[in-house]
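What the coordinates show
These are the residues of each chain, in order.
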Amino acid sequence: KARGLKEAAEKLDVLKLSGKERQEYERYLESLRDRASYYESTFLRGDRKGYQRGHKEGEKKGHKKGLAEGKKKGKEEGLELAAARMLKRGLDPATVAELTSLPLERIERLARQAR
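Residues numbered from 1 in each chain as written. Predicted model: local features only at pLDDT ≥ 70, side-chain atom pairs only at ≥ 80, totals over all residues. Heavy atoms only, no water.

**Side note on the pattern of salt bridges**
Using the criterion set out here, one finds three salt bridges in the structure. Residue glutamate 30 is joined to arginine 33 by a salt bridge in which the shortest nitrogen-to-oxygen separation is 3.1 Å. Placement of both glutamate 30 and arginine 33 in helix H2 (residues 19-88) is noted, with a separation of three residues, approximately one turn of the helix. Note that arginine 106 and glutamate 76 form a salt bridge whose closest N and O atoms lie 3.6 Å from each other. Of this pair, arginine 106 sits in helix H4 (residues 104-114) while glutamate 76 sits in helix H2, placing them 30 residues apart in sequence. Overall, the relative accessible area of 28% leaves glutamate 76 in the partly exposed class. Through salt bridges with shared partners, a single ionic network connects Glu76, Glu80 and Arg106. (Salt bridge = Lys/Arg side-chain N within 4 Å of Asp/Glu carboxyl O. Helix = DSSP H or I, 4+ residues; strand = E, 2+ residues; numbered from the N terminus. Buried < 20%, exposed > 50% of the residue type's maximum accessible area, 1.4 Å probe, protein only.)

Below, the structure written as structure tokens:
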């Protein structure tokens, strides 16, 4: 089939309508366009609101997670710093591990790095 044949046939059908029928048909098409525009704008507005809400929620979750990870890392770094000081003062690795609750392997690694 030739391209555009269907559209041409539809236009011919419209041209065959009487003046009053053509006006009614045009009003019908206009109402369809209005309805489509309304639904599209409503969908886009809803989509935008959903995106914004999701973005805010994601931001909050990310902030909480980042804060928790930062606190955990800061605590670990503080314990390692304290452990390194204890090792420099001559405490044995097993005692430092017990006092800081850090694994003995980590304390031994710190002791090797301090040498």
